[in-house]
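A look at the structure
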Amino acid sequence: LDLRRCLRLRPGAEGRLRVCLPGVGVQRSWDTPVLRALRGRIAGKAGGGSAARAGLEQLDALREFAGIAAEATGPDSLATLAFLYMCLAISAKYGDVPSVDILVWSELPTGAGLGSSAAYAVCLAAALLMVCGAISCPLQEGDSTARWTEEELTLINSWAFQGERVIHGNPSGVDNAVGTWGGALRYQAGKITPLKRVPTLRILLTNTKVPRSTKVLVAGVKEKILKFPAIMNPVLDSIDAISQECQSVLEEMPANPSPEYYPVLEEFFDINQHHLNVLGVGHPSLDRLCQVTASHGLHSKLTGAGGGGCAITLLPPDTSPLAVEAAKQDLCACGFECWETKIGAPGVTLHSLSSLNTQVLHMLSQS
C-alpha cells in the first residue's frame, strides 16, 4: 500500500534516548547508561548475522522496566515493548545504545489489519541498524531518496520480524516482508516469494470499523473444513486458482498495460469475495460495502482476516473521478472510512527532507 509510516531520526541529548509515537500516545525517554545496564539482562545470545528472538523472561524484564502491566496489550504498550527490545538487542549486537530522538508517524490506521505494526517494526529496524552501523546510510548528497542493498534489506527484515513477534507472538512474516521489499509478494505454505514485476494499481481502501478477531475467524474456517471437507476443499482450491491466475495477470501488465486486464481482475475480485463468504469470513458490513461500490460500477473484496475490518475496491484507469467521489461519499455515509491509494508501492526507503510532502513534514515537526 502507498500509505506510509514515517520515522524521523535525529541526534538527541547526550546520554538520552527518546521515542515519540503520537499515533498511540507514547512519549518516553530513558538515560542510556540505565538502558545499557538493562541490556545485559535481555540482549540474547544470537550468533552470526541472525536477529535474536525475545524470550518470555526478557519481555517480562522489559515490561517491569517500562512499567507495563503483564496483561497490557494496547498498541501503546506493545509499541513501547517492541521499541525497547529492538533497540537493546540491536545495540548489543552492533554497537552502543544510541543517544537519539525517534519520532514515528503513520498514514496507516492502527489495528485495522493493514500491517501498521509491521511498518513500524521495519522503520525501527532500518533506523536502529543504521545508527548502530550495521547497515550503510545509502543517501548520497543530492539524492532525494535511497534504498539499501538486498543483503541489508534482508537484515532489516529479519529484525523487523522479531519486532513483529514481540507485538503479535507468532506472525507469518508476510507484513514485515512486504514492508521491507515493497511491491507484491506470494505467500504459500510459509514460503514468501517477491513478484518480479507488478503494476501500480489504484484502489479505494475502506475500513468498515467493525472489530474482529483473526483467531476466532481462522478457527471458524478450520471448523467448516473439518465438518464439510468435500465442499470446502474445492472452495480453497478455487481460491488458490484465482491467486495463480491473478499473479499471471499482474506479471503480464507492466510489459503490456492494456485496459483489457482490468475487467479480468474485477471478475477475480467478485468470485474471490463470494468464496470468502462461503468460508464464513464475510460480514454484513462488507456486503453493504460491496453493494455500495457496485452501484457505482466498481468491484470490491475484503482484505485481511475478514469479519469486518477492511476491503479494497479496484479503480481502473478509466474510472471517472466523479464516480470515485460519489462512491466515497456513499461509503462514508455508511460510517466507513476511505482512502484513495495504490498497491505496488516501494518498500522501506531513506528520505531526505526535500523529498517529503508538506503534510509529512508538518507531522514530523510536531515534537
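All values derive from a computational prediction rather than experimental measurement.

**Side note on unusual backbone geometry**
Positive phi, close to 50°, is recorded for Ala 189, a residue that is not glycine. Within the secondary structure, Ala 189 sits in the loop between β6 (185-188) and β7 (191-194). Here the phi dihedral of Lys 209 falls at roughly 65°; this positive angle occurs in a residue that is not glycine. When you line up the elements, Lys 209 lands in the loop between β8 (201-207) and α7 (214-227).

**Things to note about the confidence of the model for the protein chain**
Within the protein chain, residue pLDDT values average 91, and 97% of them lie at 70 or more. Least confident of the elements in the protein chain is helix α12 (residues 358-364), whose mean pLDDT is 78; most confident is helix α10 (residues 284-294), at 98. Low pLDDT (under 50) marks residues 45-49, which in the prediction has 8 contacts with non-local residues, meaning those over four places away or in another chain.

**Re the domain arrangement of the protein chain**
Domain parsing of the protein chain yields domain 1 (5-188 + 347-365) and domain 2 (200-343). Taken together, the 7 residues of domain 1 in the interface contact 9 residues of domain 2. A per-residue breakdown of the area domain 1 buries against domain 2 is headed by Ala 112, Leu 114 and Arg 186, which together make up 60% of the total. Inspection of the domain 1/domain 2 interface yields 0 salt bridges. Along the contact surface separating domain 1 from domain 2 lie 1 residue pair in polar contact (both at pLDDT 80 or more).

**Comments concerning the layout of surface pockets**
Each pocket or cavity is described by its volume, and for the second largest pocket that value is around 150 Å³. For the second largest pocket, the full set of lining residues is Asp 270, Gln 273, His 274, Asn 277, Asp 287, Cys 290, Thr 293, Ala 294, Leu 298, His 299 and Ser 300. When residues of the lining of the second largest pocket are traced back to their parent elements, those giving at least two are α9 (261-279), α10 and β9 (299-303). Looking at the lining of the second largest pocket residue by residue, the classes come out as 3 nonpolar, 6 polar and 2 charged.

**So, the UniProt feature "domain: GHMP kinase N-terminal" (unreviewed entry) in the protein chain**
According to UniProt, the positions carrying the feature "domain: GHMP kinase N-terminal" (unreviewed entry) are residues 87-179. For residues 87-179, the helix share is 53%, the strand share is 10%, and the end-to-end C-alpha distance is 19 Å.

**Topic: the nonpolar core**
One recurring pattern in soluble globular proteins is that nonpolar side chains are buried together. Core analysis: the biggest nonpolar cluster contains 54 residues, and Leu 62, Tyr 120, Trp 148, Ile 156 and Trp 159 have the highest contact counts within it. Counting only elements with at least two residues in this core, the list comes to β2 (16-21), β3 (26-31), α1 (32-42), α2 (56-66), α3 (75-94), β4 (100-106), α4 (116-131) and α5 (150-168). Ranked by residue count, the leading element in this core is α3, at 12 residues. The residues contacting Ile 156, other than those within four sequence positions of it, are Val 122, Ala 125, Ala 126, Leu 129, Ile 135, Trp 148, Thr 180 and Val 348. Core analysis: the second largest hydrophobic core is formed by 22 residues, Leu 286, Leu 289, Leu 315 and Cys 338 among them.

The rules we used
Residues numbered from 1 in each chain as written. Predicted model: local features only at pLDDT ≥ 70, side-chain atom pairs only at ≥ 80, totals over all residues. Heavy atoms only, no water. Helix = DSSP H or I, 4+ residues; strand = E, 2+ residues; numbered from the N terminus. pLDDT = per-residue confidence, 0-100. Contact = heavy atoms within 4.5 Å. Domains from an automatic or database assignment. Buried area = accessible area lost by both parts, 1.4 Å probe. Salt bridge = Lys/Arg side-chain N within 4 Å of Asp/Glu carboxyl O. Polar contact = N/O pair within 3.5 Å; in protein donor to acceptor, adjacent residues only side chain to side chain. 1 Å grid on protein atoms, 1.4 Å probe; cavity = no way out; pocket = protein on both sides within 12 Å on 5 of 7 lines; lining within 4 Å. Points joined across faces, edges and corners; volume = space filled by probe spheres on them. Nonpolar A, V, L, I, M, F, W, Y, C, P; charged D, E, K, R; others polar. UniProt positions renumbered as here; feature names shortened; annotations may be inferred. Core = buried A, V, L, I, M, F, W, Y, C linked by side-chain atoms within 4.5 Å. Buried < 20%, exposed > 50% of the residue type's maximum accessible area, 1.4 Å probe, protein only.

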